[in-house]
Structure formats: C-alpha cells, structure tokens
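# Structure at a glance
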Amino acid sequence: MASLTKVAEPNELAPGDKKLVEIDGRAIALFNVEGSFHAIDDICTHDGGPLAEGELFGREIMCPRHGARFDVVTGRPLCMPAVEPVAVHLVELRPDGVYVAIED
Ligand code: FES
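Residues numbered from 1 in each chain as written. Predicted model: local features only at pLDDT ≥ 70, side-chain atom pairs only at ≥ 80, totals over all residues. Heavy atoms only, no water.

## Let's talk about the overall build of the protein
Summing up its helical and strand segments, the protein has zero helices and nine strands in all. The secondary structure elements of the protein, listed N-terminal to C-terminal, are β-β-β-β-β-β-β-β-β. Taken over C-alpha atoms, the radius of gyration comes to 13 Å for the protein, in line with the 13 Å a tight globule of 104 residues would show. If one aligns the C-alpha atoms of the protein with their principal axes, the spans along those axes are about 40 × 25 × 20 Å. Counting all 104 residues of the protein, 39% fall into the buried class. Total accessible area on the protein stands at roughly 5500 Å², and carbon and sulfur atoms take up 49% of it. The centroid of the 9 positive side-chain charges in the protein is displaced by 2 Å from the centroid of its 18 negative side-chain charges. (Helix = DSSP H or I, 4+ residues; strand = E, 2+ residues; numbered from the N terminus. Rg over C-alpha atoms; globule rule 2.2 N^0.38 Å. Buried < 20%, exposed > 50% of the residue type's maximum accessible area, 1.4 Å probe, protein only. Areas by Shrake-Rupley, 256 points an atom, 1.4 Å probe, with all protein chains shown as cover. Lys, Arg positive; Asp, Glu negative; His and termini not counted. Charge placed at Lys NZ, Arg CZ, Asp CG, Glu CD.)

## Notes on the nonpolar core
In terms of nonpolar packing, the biggest core is built from 15 residues, with Phe31, Ile40, Leu51, Ile61, Phe70 and Val72 touching the most fellow members. With three residues, strand β3 (residues 26–33) is the single largest residue contributor to this core. Counting 12 residues, the second largest nonpolar core, distinct from the first, contains Ala8, Ile28, Ala39 and Val100. (Core = buried A, V, L, I, M, F, W, Y, C linked by side-chain atoms within 4.5 Å.)

## Points about the sheet that holds strand β5 (residues 55–57)
In sheet architecture, strand pairing relies on hydrogen bonds along the backbone and comes in two forms, parallel and antiparallel. Read across the sheet, three strands follow the order β5-β6-β7 without closing on themselves; strand pairing throughout is antiparallel. A strand with exactly one partner marks an edge of an open sheet, and here the two such strands are β5 and β7 (69–71). The sheet shows a mean angle of 25° between the axes of neighbouring strands, taken without regard to direction. Where β5 and strand β6 (residues 60–62) come together, three bridges link them in antiparallel fashion. Counterpart to Glu55 in the pairing with β6 is Met62. (Pairing = 2+ DSSP bridges. Axes fitted to C-alpha atoms, helices over the stretch in contact; angles between N-to-C directions.)

## Notes on the pairing of β3
The buried count for β3 comes to six of eight residues, which makes it a mostly enclosed element. Linking two consecutive strands that pair antiparallel, namely strand β2 (residues 18–23) and β3, is a turn of two residues; a positive phi of about 50° is found at Asp24 within it. Two elements, β3 and strand β4 (residues 36–41), share six bridges in a ladder whose sense is antiparallel. Pairing of Val33 across the sheet is with Ser36, part of β4. Taken together, β3 and the strand that follows it, β4, pair antiparallel across an intervening segment of two residues, in which Glu34 is found at a positive phi of about 50°.

See below:
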C-alpha cells in the first residue's frame, strides 16, 4: 500500500482553493471542495494540460488548455475533448495536515 505524504497544513486551503503538490516527482492537483479534500494527477488526459492551473467550479476542474472538465472526486471526464478519466488519489485529513497517497 502507498504511504501517505503530507501536502498541506490543515487550514491552508479554503473551500474552492487548489494547490499543486509533488509526491515522488509526480505532479498532483489538490482541491478543497466544500471542506472535503480531493487529489488527482495534474495531467489532463487529453493532451497533458496542467489541471491545477484550471478554474474550479464546485467539484469540476476545467483544463486551462482546451477546456475539458473533470470531476475531481471521481476523475471522470465530463466533456470533450477529454475522454479518459484522470487518476484519483487517496486523501486523508488529519489534525496536523492533509495527506495524500498516490496510486500507481
Ligand atoms: S490538454 Fe486538457 S483539454 Fe486539451
């Protein structure tokens, strides 16, 4: 099982905020959606766009490159031009911070 890595302080991200983090050289986009934290790969499955640089609408992130949207909770693509889901990672909120475990 993947180990957890601390990526943010407990109150660092307000609801609607996002943050780019790196775990073992892998870029991960972290989101606070109405108080619950979610993490996905920071690579759009359409053409590699940096998802953490996109706009967050509720639980949807819009790729800044060509406008594909993904559900940050499930990783599911919600509109073209993306058709493949983006990888979702386990997030744990602990008293001392937000932790993420990346899956291979
Ligand atoms: S790279 Fe994300 S929509 Fe094209």
